[in-house]
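Given next are the chains, with one letter for each unit.
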Amino acid sequence: MSGNEPVLPQGAGYGVVVGIGLFFSAFMMVLTAIQARYTGFSPKNSEEFNSASRSVKPGLIASGIVSAWTWAATLLQSSAVAYKDGISGPWWYGGGATVQVLLFAQLAAKLKLNAPHAHTWLEIVAARWGTVAHLIFMFFGLATNIIVSSMLILGGSATVTSLTGMNTIAACFLIPLGVAIYVVVGGMRATLLCDYTHTAVLFAIIYVFTYTVYATSDKIGSFAAMHELLSKASEAAPVSGNAQGSYLTMRSKNGLIFGVINVIGNFATVFQDQAYWQRAIASRPASCVKAYLLGGLAWFAIPFMFSTTLGLAAVALRGDPAMRTLSPEDVSAGLPASAAAAALLGKSGAAALLIVLFLAVTSATSAELIAVSSILTYDVYKKYINPKATEGQILKVSHAMVAFFAVVMGILGLIFYYIGISMGWLYEFMGVVLGSAVVPIAMCITWSKANKWGSLAGAVVGFCAGVTAWLVTTSALNGGDLSVTTTGGDLEMLAGNLTSIGVGGIITVVTSLIWPDNFDFEATRAINRPALEKGSSPSIDDGDLAEKKRASVDVSLEPVASISAVAAAEEEERELDPVALNKSFAIAAWSSVALTFIFLIIVPLPLFFAQTVYGVGGLTAWVVIGMIWAFFSALAVVVYPLWESRAALGLISRGVIKDIFTKGSGKFVEKPTHPSA
């Protein structure tokens, strides 16, 4: 069979897209039924549906972060960059998209401190800066969701079509449809549990590909063979801008340019994507920082190992009869990974890649669906249409918005497909239109002196400047030719990305230093504050305060004895201790900044300037370190969530056993609490 023909039958594509989608819908229904019967959490409650009652532990949040941040691009674009630039590509993709999640830990801490009951980050903008700012930043927020969703659908549909010959139009609509079903059924908590299963399968399949390529394959099968094949590929077609034209060097001009674009673009998609705020909202206050640091470090292993394996394998197997011949358009569409998987393992490799890609796409799609649903429900419907909406009305609108955006995702994928926009083009473009709002949003949440009009001007002027710089650079470098191909160049995208985030950030910071606000965040802390907290609070003497702090520490370290929305709410209030949250912010600031320097400066830049071309030993060390990192990442987001939830799993197991032997006796019953006089 020619490597250019689909490896799997068309029915396999429909089977995976429809079958796995329906399987997870059924799985979600079972989880929801178990949750409703054996715990005190019900997805029929809008707070539980949208934010999991703000009670999720750090391991499961970290797993959800890994899952939400694992897009189609994480697997496909990272491999495409490795295919083009060599071993520098995996580092710049992984490191350049990890630091945003690490730095977001600071925003997560400030969210719990300054707006602990908010449903969306846009509610905070509205409370601080008013309606005009709310609408402007809603544009950036929804634009982020639209671009991310389009990349998911484009990457997923292109790969499914490549491997199975499935109709692209059908793939564009069927992928989000199955996801929408299980999101509507289960809500935020059950979505996180499905994300956990996706993450576990993802790590297992990454290890299968890694050991196949570097240990068992008869086409490669060892580090020495991979080194030899990559060296031959470099001699046959030297990589422009790389030291000695080699794939085995960190000295890559195009790799460095991609790294800068990657860092800027992903700041936009993390800081402005409600999906990441949603996980901060759902997490317990005492452990939200831990969750983001853990999730960011664990996620790095996924693109790094996946692309170091399949991206480099696609280069090594050039000319192999089973290897698909890749055009520049194929590379931009992210197809090197699927081509390598099919060449290495035939139908089983293609099927494994199809499954892992579908799980990555569906988990990220579920995050986008519930994120957009929250924005449209709370920031459009409740704010502007029905401010007095009841619990039932909010839940109905949340469900309807999930279904609505699933259809929109399919339409967006279709539009971009027909006008010739690929996943790779969108990935580098996102920072051009979204980068200008990164600094204003971060300052809104964290800095009391952030000037309202300066921040708005930074976002709007930065956006205009970024788009202008992108188009002017394209015209100047291509003799006035503006097309999808010319506008997608590295230097053209770099100019737009740098200008957008730079102008937006400079205007925001400078105006805030000259004309500082003096905001105390009381207005944001009052957002959705529970009725028991409103009005004047009873005085608390020093002894009570000390006892409250001790309780907060106890709660953060021990498993929750009972599982219910009531207990979760009480626990959350005990953990909202300003002293502890400020300490969490300080930990987040120091650790995230230090790790950012390691990922972006301390490790890659000395290797870049050294111009070393690695031998077999260097390549072996590079890959083995990645394998070890992936192993510990799997422990952090697959094994650790089970350990930290042992009390909850035990409670559910006891309930199931009671129901088996004494029908009806296992149902969860909330134990009454008796507050001390």
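Residues numbered from 1 in each chain as written. Predicted model: local features only at pLDDT ≥ 70, side-chain atom pairs only at ≥ 80, totals over all residues. Heavy atoms only, no water.

Participant: Can you explain the packing of aromatic side chains? Please cite residues and give values.
Facilitator: For the coordinates displayed, the defined rule picks out 37 aromatic pairs. Between phenylalanine 258 and tyrosine 427, the ring centres sit 6.2 Å apart and the planes meet at 15 degrees, which makes this aromatic pair stacked. On the criterion of sequence distance, the pair formed by phenylalanine 258 in helix H10 (residues 253-271) and tyrosine 427 in helix H16 (residues 423-434) is long-range, its members being 169 residues apart. Phenylalanine 258 gets classed as buried once you look at its relative accessible area, which sits at 3%. For tyrosine 427, a relative accessible area of 2% translates into the label buried. Between phenylalanine 519 and phenylalanine 521, the ring centres sit 5.0 Å apart and the planes meet at 75 degrees, which makes this aromatic pair edge-to-face. No difference in accessibility class separates phenylalanine 519 from phenylalanine 521, as the two residues are buried. Ring pairs connect the aromatic residues Trp69, Trp71, Tyr93, Phe258, Tyr276, Trp299 and Tyr427, which therefore count as one cluster. The cationic tip of arginine 646 hangs over the ring face of tryptophan 643; the distance from NZ or CZ to the ring centre is 4.0 Å. (Phe/Tyr/Trp six-rings, centres within 6.5 Å; stacked < 30°, edge-to-face > 60°. Helix = DSSP H or I, 4+ residues; strand = E, 2+ residues; numbered from the N terminus. Buried < 20%, exposed > 50% of the residue type's maximum accessible area, 1.4 Å probe, protein only. Lys NZ or Arg CZ within 6 Å of the ring centre and 35° of its normal.)

Participant: Can you tell me about the pattern of salt bridges, naming the residues and giving the values?
Facilitator: A full pass over the atoms with the stated rule returns 5 salt bridges. For the salt bridge of aspartate 195 with arginine 279, the shortest nitrogen-to-oxygen distance reads 2.9 Å. Note that aspartate 195 is positioned in helix H8 (residues 168-216) and arginine 279 in helix H11 (residues 274-282), a separation of 84 residues in sequence. Arginine 279 shares its class with aspartate 195; the two are buried. Close ionic contact of glutamate 522 with arginine 525 constitutes a salt bridge, the shortest N to O distance being 3.0 Å. Linking glutamate 522 with arginine 525, this pair stays in helix H21 (residues 522-525), spanning 3 residues, or about one helical turn. (Salt bridge = Lys/Arg side-chain N within 4 Å of Asp/Glu carboxyl O.)

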